Amino acid sequence: MLHPHDVVLGQKVRDCFTERNKRYLRENSFGASFRYASLDFVRDFLERQGPEHEFENASLDNLVAEISQKAAALCERIDQYGNPISHRDEWWSLAPEQERISDWHSKETSQKIAEVDRLADEVAEAADAFERTFRKLSPESYLGGANA
């Protein structure tokens, strides 16, 4: 039986990493232009720090720490490699403007894109690992249906 605080926190993690959001992380290619705000759910998750966001259950706390580590790496790389597309700040690209316009990526850009795509997959996988454990520990949290 989970501590009630863990049930509430677990639901908050599930609310960030819905099936739709995890699918976005898995299926989106960061080789294409993307809306910077499309990753707000990851940034919102990372803002949850402090004792009020710690799980009593050590397994869940460790799984959330893994999500946090991978999500921080993803956001760090996007901020490091990406740039707003000129005249459209809400859209970003990992490819420099000339490569984006010519629809050709250098080896270096292709490696950066592959790294970000891999990190996005790892965040989704870590969120799935949390989901599996939380479902076993708190099956009552799933009585209302799955998060969309």
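As a reminder, the structure under discussion sits directly above these lines.
The structure reproduced in this document is the subject of the present report. In this text the structure is predicted, and so the values were computed from the model without any measurement.

## As for the overall build of the protein
Move 1: Within the protein, the regular secondary structure consists of six helices and three strands.
Move 2: Each helix (α) and strand (β) of the protein, taken in turn from the N terminus, gives the series α-α-β-α-α-β-β-α-α.
Move 3: Considered along the principal axes of its C-alpha atoms, the protein spans approximately 55 × 30 × 25 Å.
Move 4: In the protein, which comprises 148 residues, the proportion classed as buried is 40%.
Move 5: Taking the intrachain contacts of the protein between residues at least 6 apart in sequence as the baseline, contacts between residues at least 24 apart amount to 72%.
Move 6: A gap of 4 Å separates the mean positions of the 19 positive and 28 negative side-chain charges of the protein.

## A closer look at the state of the cysteines
Move 1: If you walk through the whole model with that rule in mind, you get zero disulfides.
Move 2: In this structure Cys16 is not part of a disulfide, and its nearest cysteine sulfur, from Cys75, lies 12 Å away.
Move 3: You can call Cys16 buried: its relative accessible area is 6%.

## Here we look at the pattern of salt bridges
Move 1: Overall, the coordinates contain 11 salt bridges when judged by the stated rule.
Move 2: When the shortest N-O distance is used, the salt bridge between Asp128 and Arg26 registers 2.0 Å. With Asp128 in helix H6 (residues 107-137) and Arg26 in helix H2 (residues 19-27), this residue pair connects regions lying 102 residues apart in the sequence.
Move 3: Between Glu97 and Arg100 there is a salt bridge, with the nearest N and O atoms lying 3.9 Å from each other. Residue Glu97 and its partner Arg100 are located together in helix H5 (residues 97-102), separated by three residues, close to a single helical turn.
Move 4: On the accessibility criterion, Arg100 (25% relative accessible area) is partly exposed.
Move 5: Here the salt bridges share partners, and the residues they tie into one network are Glu19, Lys22, Arg26 and Asp128.

## What about unusual backbone geometry?
Move 1: One non-glycine residue with positive phi stands out, namely Asp103, at about 60 degrees.
Move 2: Considering the arrangement of structural elements, one finds Asp103 in the loop between H5 and H6.
Move 3: Relative accessible area serves as the criterion here: at 70%, Asp103 is assigned to the exposed category.

## Quick word on the side chain of Lys22
Move 1: Position of Lys22 among the secondary structure elements: in helix H2.
Move 2: What makes Lys22 buried here is its relative accessible area of 0%.
Move 3: Beyond its immediate stretch of four places on either side in the chain, Lys22 contacts Phe17, Ala124, Ala127, Asp128 and Glu131.

## Brief notes about the packing of helix H4 (residues 58-81) against H6
Move 1: H6 packs onto H4 with a crossing angle of 160 degrees between their chain directions and a minimal axis gap of 9 Å. Between H4 and H6, the angle falls in the class roughly antiparallel. Seen from above, H4 lies across H6 with left-handed handedness.
Move 2: The residue inventory of the contact of H4 with H6, partitioned by class, reads 19 nonpolar, one polar and six charged.

## Some remarks on the nonpolar core
Move 1: With 35 residues, the main nonpolar core has Phe17, Leu25 and Phe130 as its most contacted residues.
Move 2: Secondary-structure elements contributing two or more residues to this core are helix H1 (4-16), helix H3 (40-46), H4 and H6.
Move 3: If you tally residues by element for this core, the top one is H6, at 10 residues.

What counts, and at which threshold
- The numbering scheme is per chain: residues are counted from 1 as the chain's sequence reads.
- Only residues with pLDDT of 70 or above have their local features reported here, since the model is predicted, and side-chain atom pairs are shown and tallied only from 80 upward, although totals for entire chains, interfaces and linings are computed over all residues.
- Calculation of side-chain values draws on the structure's entire complement of heavy atoms; hydrogens and water are dropped beforehand.
- Counting from the N terminus, the helices are the DSSP runs of H or I reaching at least four residues and the strands are the DSSP runs of E reaching at least two.
- Working definition: with a 1.4 Å probe on protein chains only, accessible area under 20% of the residue-type maximum means buried, over 50% means exposed, and in between means partly exposed.
- Contact definition: two residues touch when any of their heavy atoms are within 4.5 Å.
- Neither His nor the chain ends contribute to the count of charged residues, in which Lys and Arg are positive and Asp and Glu negative.
- By convention, the charge on Lys lies at NZ, on Arg at CZ, on Asp at CG and on Glu at CD.
- Whenever a pair of cysteine sulfur atoms sits within 2.5 Å, that pair is classed as a disulfide.
- The term salt bridge refers to a side-chain nitrogen of Lys or Arg lying within 4 Å of a carboxyl oxygen of Asp or Glu.
- Note on definitions: angles span 0 to 180 degrees between N-to-C directions of axes, and those axes are lines fitted to C-alpha atoms, for helices only across the stretch in contact.
- In these notes the angle categories are as follows: under 35 degrees is roughly parallel, over 145 is roughly antiparallel, 65 to 115 is roughly perpendicular, and the rest is oblique.
- Take the far helix as the reference: if the near one is turned anticlockwise from it by less than a right angle, the crossing is left-handed, and if turned clockwise, right-handed.
- Ten residues, namely Ala, Val, Leu, Ile, Met, Phe, Trp, Tyr, Cys and Pro, are considered nonpolar, four, namely Asp, Glu, Lys and Arg, are considered charged, and the remaining ones, Gly among them, are considered polar.
- Working definition of a nonpolar core: buried Ala, Val, Leu, Ile, Met, Phe, Trp, Tyr and Cys residues. They are joined through side-chain atoms within 4.5 Å.

Purely geometric numbers; function is a separate question.
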